[in-house]
Structure formats: C-alpha cells, structure tokens
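Here are the chains, one letter per residue:
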Amino acid sequence: MLGPPGAGKGTQAVRLSEQLGVPHISTGDILREAVAQDTELGRQAKGYMDAGELVPDELVIAIARERLDREDCAAGFVLDGFPRTVPQAEALDEAMRALGREPLRVLNLEVGEQEMLRRLSGRRMCRGCDGIFHVDQEGVEADSPCPECGGQLYQRTDDQPEAVRERLAVYQRQTEPLIQYYSDRGLLTNISGEGALGEIQERVRSAAQN
Ligand code: AMP
C-alpha cells in the first residue's frame, strides 16, 4: 500500500488484511512498538521517527525481511509503509524472488494536500488496540477513551505540525519515485483515497483482488 502520509494506508491496510485473512505488516507499527519497549532497535529509530525522517534503509529492510520470512506470510500479506525508498523496493523485489512469491500488487492511495493535513492533524491512535481515529468522529475527543476498546488515545509525536511538514517533504523526495518504479513494472493501481471510508475500502478490495 503506497501513498503520502495521511492517505489512509494504515486504515485501509488493516481492513484489507482482515478481508483477505492475511497479516497486516506495518513497519511503522513495528518501530513504534520497539520504541515503546525501549529495545535496541527502538533506541536507534526514535530520533528519526520523532523528527518525521526515515529510519535508515538497512534497519527497516532487516525488519521487513525477518517479518516476511515467517510462516503466517505464506498465503500472502498486506504491506503498509514499506517500501518507502527505491533501495527498499529493490530489497523487497529480491526477497520476493528468494521466497518464490508472485509479483506484488501495488495500490497507490491518492489524496489532496488539504485533506492529508486535515487527517494528520486530527488523527488519534489507541494504545490499547492500535486503532486509528480522527477527532471529527463522534466520541473521539482529547482525553476520551478509545471508542473501540476503552484504551488510551494519543497523538503521534510525528503528527505535530513541524514533523508533518518534514514527513511530506521526505515523502516527495524519497517515496514518490516509487510510483514511477512500480508503474514501469506494470504493478501499480492508483486509487482515490478521498470519500467515504466504505467506498475507499471497496475500491481497495477490488483493486487487490482483480
Ligand atoms: P508510519 O506509521 O508508516 O507513518 O511510520 C512512522 C515512522 O516510522 C516514519 O515516519 C519513519 O520514521 C518510520 N518508518 C516506518 N516505515 C519506514 C520505512 N519503510 N522506511 C523508513 N522509515 C520508516
């Protein structure tokens, strides 16, 4: 799942993985978990993440390789937030070949800049269930419990305005070239990420399965 920050990759990737019955693999979630647990990986990644920069390729590639190698990925997987650079995409191609997998399907979620900023600035995450919410949703306010599990909601450090600006610049510089990379290989489907959640979900499902 490709797209700029705030495109809805996480939300749609979780739904798609549930529909397909395959794991949802988010390098961002894996890294945030490592930071929360204060592991060696977490300590190495934290500074980059808080500033809205990318964690170095070799760290992220090692995480993705290890995860894709696990048994539960045998029937497929939904990748969210990886690859984010051309070297990562090349490493993923190599891993897919080594694992004897079918070529990827790349779904590129497109949203306008205004909508992206609205989503990021109002986004709230749950510490309990990793759910993703927005302050415009009913029942989601500062300090309110998670509407799904009652857990604690928080704002990601990198959803603060300064880091958001950096993430957008990083996206344009390092990740946007992947659109051309996958389009050249005939693997890319562009999907509008604007509109009602259910409609976007349907577009994603049909692009993934056709
Ligand atoms: P995300 O939850 O996908 O927005 O990721 C949050 C942060 O984790 C990013 O801003 C990066 O600092 C880091 N990160 C996640 N995935 C990658 C990746 N594939 N390459 C480099 N950094 C990543």
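Keep in mind the model is a prediction, meaning the values are calculated, not measured.

Asks: For this particular structure, what's the right way to read the overall build of the protein chain?
Replies: What the protein chain contains, in helices and strands, is 9 helices and 7 strands. In terms of overall size, the protein chain behaves like a compact globule, its C-alpha atoms giving a radius of gyration of 17 Å where 210 residues would be expected to give roughly 17 Å. Each principal axis of the C-alpha distribution contributes one length, and for the protein chain these read about 45 × 40 × 35 Å. Residues counted as buried form 46% of the 210 residues belonging to the protein chain. Residue pairs at least 24 apart in sequence account for 67% of intrachain contacts in the protein chain once pairs closer than 6 positions are excluded. Positive and negative side-chain charges of the protein chain, numbering 24 and 36 respectively, have mean locations separated by a distance of 1 Å.

Asks: What's the story with the side chain of S17 in this structure? I'm lost.
Replies: Relative to the helices and strands, S17 is located in helix α1 (residues 9-20). Judged by its relative accessible area of 7%, S17 is buried. Among residues more than four places away in sequence, those in contact with S17 are V22, P23, H24 and V78.

Asks: Teacher, can you tell me more about the state of the cysteines here?
Replies: In protein structure, a disulfide is the covalent linkage between the sulfur atoms of two cysteines. Per the counting criterion, the structure on display carries 0 disulfides. No disulfide involves C149; its sulfur sits 3.6 Å from the nearest other cysteine sulfur, which is in C126. Residue classification places C149 among the partly exposed positions, given a relative accessible area of 42%.

Asks: Please explain the pattern of salt bridges as it appears in this structure.
Replies: Side-chain pairs of opposite charge can arise where the charged atoms are in close proximity. Per the counting criterion, the structure on display carries 17 salt bridges. For D159, the salt bridge goes to R123, with nearest N and O atoms at 2.9 Å. Here the residue D159 occupies a position in the loop between β6 (153-154) and α7 (161-175), and R123 occupies one in strand β4 (residues 123-126), the gap between them amounting to 36 residues. Of the two residues, D159 and R123, neither departs from the other in class, the shared state being buried.

Asks: What should I look at first to understand empty space enclosed by the protein in this one?
Replies: Inspection of every chain in the model, using the stated rule, returns 1 cavity of 30 Å³ or more. Considering only enclosed or pocket space, the largest cavity measures out at about 40 Å³ in volume. As for the largest cavity, its lining consists of I61, A64, R65, L68, F82, A91, L92 and A95. Elements represented by at least two residues in the lining of the largest cavity include exactly α4 (57-68) and α5 (86-98).

Asks: Sorry if this is basic, but what is going on with the packing of helix α6 (residues 113-122) against α7 here?
Replies: To describe two helices that pack against each other, one gives the angle between their axes and the distance between the axes. In contact at an axis separation of 11 Å, α6 and α7 are set at 135° when each is read in the N-to-C sense. What the angle tells us is that α6 and α7 run oblique. Of the two elements, α6 crosses α7, and the hand of that crossing is right-handed. Contacts between α6 and α7 involve M116, L117 and L120 on the former and, on the latter, V164, R167 and L168.

Asks: Please explain the environment of F133 as it appears in this structure.
Replies: Its place among the elements puts F133 in strand β5 (residues 132-134). Overall, the relative accessible area of 8% leaves F133 in the buried class. With 56 residues separating them along the chain, F133 and T189 place their C-alpha atoms 26 Å apart. Every residue in contact with F133, bar those within four places of it in the chain, is listed here: G122, R123, R124, C126, V140, C146, P147, E148 and L153.

Rules behind the numbers
- Per chain, the residues get numbers from 1 upward, laid out in the order the sequence is written.
- Residue-level local features of this predicted model are given only where pLDDT is at least 70; pairs of side-chain atoms are given and counted only at 80 or more, and the full residue set underlies all totals for whole chains, interfaces and linings.
- The side-chain quantities take in all heavy atoms of the structure and omit both hydrogens and water.
- Runs of E in the DSSP output that reach at least two residues are strands. Runs of H or I that reach at least four are helices, and both are numbered from the N terminus.
- Computation of the radius of gyration draws on C-alpha atoms alone. For the globule rule, the value is 2.2 Å times the number of residues to the power 0.38.
- A simple rule labels every residue: compare its accessible area, found with a 1.4 Å probe on the protein chains alone, to the largest value its type can have, and call it buried under 20%, exposed over 50%, or partly exposed in between.
- By definition, residues are in contact when any of their heavy atoms lie within 4.5 Å.
- Residues scored as positive are Lys and Arg, those scored as negative are Asp and Glu, and His as well as the terminal groups of each chain are ignored.
- Where a charge lies is defined by one atom per residue type, namely NZ (Lys), CZ (Arg), CG (Asp) and CD (Glu).
- Here, the term disulfide refers to a pair of cysteine sulfur atoms separated by no more than 2.5 Å.
- Any Lys or Arg side-chain nitrogen located within 4 Å of an Asp or Glu carboxyl oxygen qualifies as a salt bridge.
- Using only the protein atoms, space was sampled on a 1 Å grid; points where a 1.4 Å probe fits but cannot get out form cavities, open sets with protein on both sides within 12 Å along at least five of seven lines form pockets, and lining residues are those with an atom within 4 Å of a point.
- Grid points are joined across faces, edges and corners, and a volume is the space filled by probe spheres set on the points.
- Convention adopted: a line fitted to C-alpha atoms gives each axis, helices being fitted over their contacting stretch, and angles between N-to-C directions are expressed from 0 to 180 degrees.
- To sort the angles, those under 35 degrees are grouped as roughly parallel, those over 145 as roughly antiparallel, those from 65 to 115 as roughly perpendicular, and the leftovers as oblique.
- The handedness criterion is simple: a crossing whose near helix is rotated anticlockwise from the far helix by less than a right angle is left-handed, and one whose near helix is rotated clockwise is right-handed.

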